[in-house]
Amino acid sequence: MDVVQHDETAPLWKRIGWRLIARKPLEQILHEGRRTQMKRILGRLDLIAIGIGAIIGTGIFVLTGVAAAENAGPAVIISFIIGGIISGLSAFSYSELSSMVPISGSAFTYTYATMGELMAWIIGWDLILEYLVGAATVAVGWSSYVVSFFSDVFNVQFTRKTTQAPVLWDSSSLSFKVNHGAYINIPAIFISLAMTLLLVLGIRQASWVNRTIVCIKLVVVLLFIFGACRFVDRDNYQPFVPKREGNSYGAKGVFKGTQRVFFAYIGFDAVSTAAQEAKDPQRDLPWAVAVVLCGIVSYRELKGQASPLVYALTFHDNTRWLRIMIELGAICGLSSVILIMLMGQPRIFFTMARDGLFPKIFGRLHRRFKTPYVPTIVSGIVCAVLAGVLPVDILGDMTSVGTLLAFILVNIGVIIMRFTHPHVERGFR
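All of these numbers come straight from a predicted model, not from anything done at the bench. (Residues numbered from 1 in each chain as written. Predicted model: local features only at pLDDT ≥ 70, side-chain atom pairs only at ≥ 80, totals over all residues. Heavy atoms only, no water.)

Enquirer: Tell me what's going on with unusual backbone geometry, and back it up with residues and numbers.
Expert: In this chain, Gln 238 is followed by Pro 239 through a cis amide linkage whose omega measures -10°. Of note, Pro 239 is situated in the loop between α10 (203–228) and α11 (250–261). If you check the backbone angles, Asn 155 has positive phi at about 55° while not being a glycine. Within the element layout of this structure, Asn 155 appears in the loop between α8 (117–154) and β1 (167–170). Here Asn 155 falls in the exposed class, since its relative accessible area comes to 61%. Phi angles above zero are rare outside glycine, and Tyr 249 is one such case at about 70°. Mapped onto the fold, Tyr 249 is located in the loop between α10 and α11. (Helix = DSSP H or I, 4+ residues; strand = E, 2+ residues; numbered from the N terminus. Buried < 20%, exposed > 50% of the residue type's maximum accessible area, 1.4 Å probe, protein only.)

Enquirer: How would you summarise the environment of Thr 137 if you had to cite specific residues and measurements?
Expert: By the element assignment, Thr 137 lies in helix α8. On the basis of relative accessible area, Thr 137 is assigned to the buried category, the value being 0%.

Enquirer: Which residues make up the packing of aromatic side chains, and what are the values?
Expert: If you walk through the whole model with that rule in mind, you get 14 aromatic pairs. Between Trp 142 and Phe 190 the ring centres are 6.4 Å apart and the planes differ by 40°, which places this aromatic pair in the tilted class. Of the two residues, Trp 142 is situated in helix α8 and Phe 190 in helix α9 (residues 186–201); the sequence distance between them amounts to 48 residues. Summarising the aromatic geometry, the rings of Phe 150 and Phe 158 are spaced 5.3 Å apart at their centres and angled 80° between planes, so their arrangement reads as edge-to-face. An aromatic cluster is present here, built from Trp 121, Trp 125, Phe 349, Phe 358 and Phe 362 joined pairwise through their rings. One cation-aromatic arrangement involves Arg 320 over Trp 321; the distance from NZ or CZ to the ring centre is 5.2 Å. (Phe/Tyr/Trp six-rings, centres within 6.5 Å; stacked < 30°, edge-to-face > 60°. Lys NZ or Arg CZ within 6 Å of the ring centre and 35° of its normal.)

Enquirer: Can you explain helix α7 (residues 107–114)? Please cite residues and give values.
Expert: Counting buried residues along α7, 8 of its 8 residues qualify, which places the element largely inside the surrounding structure. Every buried residue belonging to α7 is among Ala 107, Phe 108, Thr 109, Tyr 110, Thr 111, Tyr 112, Ala 113 and Thr 114, and all of these are buried. Just beyond α7, the residue with positive phi is Gly 116, at close to 100°.

Enquirer: Account for the pattern of salt bridges, naming residues and giving values.
Expert: Summed over all chains, the structure comprises 4 salt bridges. Each of Glu 70, Arg 260 and Asp 397 takes part in one network of salt bridges that share partners. (Salt bridge = Lys/Arg side-chain N within 4 Å of Asp/Glu carboxyl O.)

Enquirer: How would you summarise the side chain of Glu 327 if you had to cite specific residues and measurements?
Expert: As for its placement among the helices and strands, Glu 327 is situated in helix α15 (residues 320–354). The buried charged residue Glu 327 lacks any salt bridge, with Arg 323 as its nearest oppositely charged partner at 4.9 Å. Residues in contact with Glu 327, not counting those within four places in the same chain, are Tyr 145, Ser 148, Phe 149, Asp 152 and Val 310. (Lys, Arg positive; Asp, Glu negative; His and termini not counted. Contact = heavy atoms within 4.5 Å.)

Enquirer: Which residues make up the packing of helix α6 (residues 76–100) against helix α17 (residues 392–420), and what values do they have?
Expert: Orientation of α6 relative to α17, taken along the N-to-C sense of each, is 55°, at an axis distance of 9 Å. One finds that α6 runs oblique with respect to α17. Crossing handedness for the pair α6 and α17: left-handed. Together, Ser 87, Leu 89, Ser 90, Ser 93, Tyr 94, Glu 96, Leu 97 and Met 100 of α6 and Ala 406, Phe 407, Val 410, Asn 411, Gly 413, Val 414, Met 417 and Arg 418 of α17 make up the contact between the two elements. The residue inventory of the contact of α6 with α17, partitioned by class, reads 9 nonpolar, 5 polar and 2 charged. (Axes fitted to C-alpha atoms, helices over the stretch in contact; angles between N-to-C directions. Parallel < 35°, antiparallel > 145°, perpendicular 65-115°, else oblique. Left-handed = near helix turned anticlockwise from the far one by under 90°. Nonpolar A, V, L, I, M, F, W, Y, C, P; charged D, E, K, R; others polar.)

Enquirer: Any chance you could break down the confidence of the model for the chain for me, citing the residues and the numbers?
Expert: Taken residue by residue, the chain gives an average pLDDT of 79. The fraction at 70 or more is 78%. Within the chain, the lowest mean pLDDT, 54, falls on helix α12 (residues 267–273), and the highest, 94, falls on helix α16 (residues 373–389). In this model, residues 1–5 is a region of pLDDT below 50 whose contacts with residues beyond four sequence positions or in other chains number 11 contacts. The low-confidence segment residues 272–283, where pLDDT is below 50, has 57 contacts with residues more than four positions distant or belonging to other chains. (pLDDT = per-residue confidence, 0-100.)

Enquirer: Quick one: what's the story with α9, residue by residue and with numbers?
Expert: Helix length check: α9, at 16 residues, gives a terminal C-alpha distance of 23 Å against a target of 22 Å (1.5 Å per residue), a fit within 8%. Within the sequence span of α9, burial applies to Pro 187, Ala 188, Ile 189, Ile 191, Ser 192, Met 195, Thr 196, Leu 198, Leu 199 and Val 200. Structurally, the start of α9 carries an N-cap: the backbone nitrogen of Ala 188 is 3.4 Å from a side-chain oxygen of Asn 185. (Expected span 1.5 Å × (residues − 1). Polar contact = N/O pair within 3.5 Å; in protein donor to acceptor, adjacent residues only side chain to side chain.)

Enquirer: Describe a nonpolar patch on the surface, with residues and values.
Expert: Taken together, Tyr 183, Ile 184, Ile 186, Leu 193, Ile 377, Ile 381, Val 385 and Val 389 make up a surface patch of nonpolar side chains, about 680 Å² in accessible area. Broken down by secondary-structure element, the contributors of at least two residues to the nonpolar patch are α9 and α16. If you tally residues by element for the nonpolar patch, the top one is α16, at 4 residues. Its place among the elements puts Val 389 in helix α16. For Val 389, a relative accessible area of 32% gives the class partly exposed. (Patch = residues over 30% accessible without salt bridge, like charges linked within 9 Å, V, L, I, M, F, W, Y side chains within 5 Å. Areas by Shrake-Rupley, 256 points an atom, 1.4 Å probe, with all protein chains shown as cover.)

Enquirer: Talk me through the pairing of β1; I want residue IDs and the actual numbers.
Expert: Here β1 pairs with strand β2 (residues 175–178) via 4 bridges, running antiparallel. What sits directly across from Val 167, in β2, is Val 178. As consecutive antiparallel partners, β1 and β2 are separated by 4 residues, and within that stretch Leu 174 has a phi angle of approximately 55°, a positive value. (Pairing = 2+ DSSP bridges.)

Okay, here's the thing in structure tokens:
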């Protein structure tokens, strides 16, 4: 690294300063990537499925309702459009950097190569919000759809004691409140640990599962859009931008809604975490769902709902089979998102450990499966704990903040790379 060559006799404060701004040479990063022991088995379709799998998930199935009820009202449609434009621009930056630096680590690796060790360390921990907390958010949404599914299909009512978090987040007072009668979210814990086990066994098995599920949830999202549009009532869009109420609604609420639903565009970053397992490393659905969702029920009815698509349909007759199909699709779809989030986080830890910014034990690969099993297991356990005790809205907010910061640093990284490495081959520019 750049700092290694500096005079060891220099004052301590200078050596610390050099260390903090030391950048990892691009040549060293590429050399380490070529020597990877991970199995390169992911093809182009697998990487596309990872991106789609992450995008069509909690941002659509869960947080659409939360953002509409608590932030933007029907104008959540605008929130999605703004988020789509911003993430679309960031996608170009991710494409350029991932073609130049095809290494697991995503924004951490890109930041290390352009802005130095301190910023890389910061973004490495920030990505915990994006992946680890993100997986917990999805697990809570998965739990809600499972509860709805058993209620609609088998008329089985699960108790709140074992299917909800013991605390709630009050966005008006910005404080936690006790969720009386609820103790732990067991279904959320179960799916977190199940996906962790699958990832320990290998990326090939995880990829097969993800590709199948992505096909299913694409069908289900389209089914909701076209199946529920006949229930749209134009009156539900009035007022389109509700009058400001405390911390909610108005123009500010639209942008707060954008921050919340930004979760829906996490897929760009997820693809880049799998670069070392790729054979060749060289926006419409979210807002369409929002249009239909806010049209079939008043946005105020969606407050606190972790399964808003199904909940909105309960206000209309003869929708049982449509609800069941959406529940099945959401269960499958959210499972794949958890899989992708828990695939990304361990690879961030793995890369940080290999660079000396995390304990070395996190840089080990399983002898048989060639997966970073230690960070995968640790990530799965922490995810299960978070999903079991925290509500979906606070988890979703933390994830969106992490995603936004990662996107900002990746865009800055592209600009820096244009000046520091102008002649490096770029597969996308």
